[in-house]
Amino acid sequence: GEQLLVACDASGSSEASSPEEGKSSKKGRAANFLRKVEPGWWRFSYIGDWVIVVCFVIFSSLINLAEPRHLDLPFPSTNPNVAYPYKQDTIPAWAAGLYSFGGAVAAVVVCVPFMRSIHDMHNAALSLLYSWGLAHTFTSVGKVFAGRYRPNYLDMLEDLSISGDSDKEWNGRMSFPSGHATIMFAGCTWMALYMAGKLKCFTNKGGEAWKSALCVGPLMAAWLGAITRTRDYHHDFSDILAGSIIGACGAFVSYFCYFRSVFDKKCHLPKVRTHCGVCIDHCPNAVPARFTKNRRRAPTGLPS
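Residues numbered from 1 in each chain as written. Predicted model: local features only at pLDDT ≥ 70, side-chain atom pairs only at ≥ 80, totals over all residues. Heavy atoms only, no water.

Some words on the environment of Ala93
- Here Ala93 is to be found in helix α3 (residues 93–115).
- By relative accessible area, which is 54% here, Ala93 ends up exposed. (Helix = DSSP H or I, 4+ residues; strand = E, 2+ residues; numbered from the N terminus. Buried < 20%, exposed > 50% of the residue type's maximum accessible area, 1.4 Å probe, protein only.)

Structure, rendered in structure tokens:
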């Protein structure tokens, strides 16, 4: 009888403790959900990076308020190069930003359960905003400095005079380079690089066709979106080509500042900044000892 009571007490205590153990295990999983890739990844120099990126964003927005230069236009009333019909945007500016940078943010969110890294999310946010600010600054300065007429300049003037917005005539002289193409390629190129790194498309082990096709998809979307600017007679082909190059270059510069090369065997991981400003893997002696002890195993990226 005593043995039976002891057994019942033991089973009861185990059943009573099981909810607490379940809660603790859930808390442990939640705490480890956003664990860091390497201990001690944060540096105060990141604050300077954020300040510079925000300055780029603010400057690129303010420069758009400046009036572009007046370019001499031969035969202004009959010039066929600026006599194309005025059409509404197939892809408005807000939509171009939404599907390029919104898609990049979505790619980062999808990778969160696999990476479980605050470091990766921080570098992604900083790098993506840097891509937008850098590319947009180059394009905005180019628009004001060049003052190139849009193909639909004459029809745009007539439409503005009818609507009473003739003071916005300067918008018809901001054709080069294309802002839509810049924004779309800045966001989509960054997204393609981020996905290529997480999927390890270009490592020495060899990639797979479906992975590379998935990474190229955003670039196709950006290219088709840029072409709509010529179909709407808002830009020439040289405008969208220049804008596409600027956007892609901005994405490459910003991505490789904060993430490892897509050809690296650890391409799915962000760079870890040390006090000498280089990656831990390339400068192991520069890492403080407290950061090298008991280092957790880094996540291996998305499943193959």
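So, the side chain of Arg173
- Along the chain, the position of Arg173 falls in the loop between α5 (153–163) and α6 (179–199).
- Among the polar contacts listed, one links the side chain of Arg173 to the backbone oxygen of Pro68, at a separation of 2.9 Å.
- Polar side-chain contacts of Arg173 include one of 2.9 Å to the side chain of Glu169.
- In this structure Arg173 touches Glu67, Pro68, Arg69, His70, Lys143, Gly147, Arg148, Tyr149 and Tyr153, once residues within four positions along its chain are discounted. (Polar contact = N/O pair within 3.5 Å; in protein donor to acceptor, adjacent residues only side chain to side chain. Contact = heavy atoms within 4.5 Å.)

Topic: the packing of aromatic side chains
- All chains considered together, the criterion is met by 14 aromatic pairs.
- Ring geometry for Trp41 against Trp42: centres 5.9 Å apart, planes inclined by 90 degrees, an arrangement best described as edge-to-face.
- The exposure class of Trp41 is buried, given its relative accessible area of 6%.
- The partly exposed category is assigned to Trp42, whose relative accessible area is 37%.
- On the basis of an interplanar angle of 80 degrees and a centroid distance of 6.2 Å, the ring pair of Trp190 and Tyr255 is categorised as edge-to-face. (Phe/Tyr/Trp six-rings, centres within 6.5 Å; stacked < 30°, edge-to-face > 60°.)

Points about unusual backbone geometry
- Geometrically, the link from Phe176 to Pro177 is a cis peptide bond, its omega value of -10 degrees lying close to zero.
- You can see Pro177 is positioned in the loop between α5 and α6.
- Not every positive phi belongs to a glycine, and Lys200 is a case in point at roughly 55 degrees.
- If you trace the backbone, Lys200 turns up in the loop between α6 and α7 (209–231).
- With phi around 60 degrees, Tyr233 is a residue other than glycine that occupies positive phi space.

Things to note about the packing of α3 against helix α4 (residues 118–146)
- The interhelical angle for the contact between α3 and α4, taken along N-to-C directions, is 170 degrees, at an axis separation of 10 Å. The orientation of α3 relative to α4 falls into the category roughly antiparallel. Two packed elements cross with a definite hand, and for α3 against α4 that hand is right-handed. Listed contacts from α4 to Phe101, Ala104, Val105, Val108, Val112 and Met115 of α3 are Asp120, Met121, Ala124, Leu128 and Trp132. (Axes fitted to C-alpha atoms, helices over the stretch in contact; angles between N-to-C directions. Parallel < 35°, antiparallel > 145°, perpendicular 65-115°, else oblique. Left-handed = near helix turned anticlockwise from the far one by under 90°.)

What about the pattern of salt bridges?
- Going through the model one piece at a time under the given rule, you end up with eight salt bridges.
- The residue Arg229 makes a salt bridge to Asp89 at a minimum N-O spacing of 3.0 Å. Of this pair, Arg229 sits in helix α7 while Asp89 is found in the loop between α2 (45–63) and α3, placing the two residues 140 residues apart along the sequence.
- The salt bridge involving Arg173 is made with Glu169; its shortest N-O contact spans 2.9 Å. The residues Arg173 and Glu169 share a single accessibility class, namely buried.
- Taken together, the salt bridges that share partners define one network made up of Glu67, Glu169 and Arg173. (Salt bridge = Lys/Arg side-chain N within 4 Å of Asp/Glu carboxyl O.)

Note that all results are geometric; they support no functional claim without further evidence.
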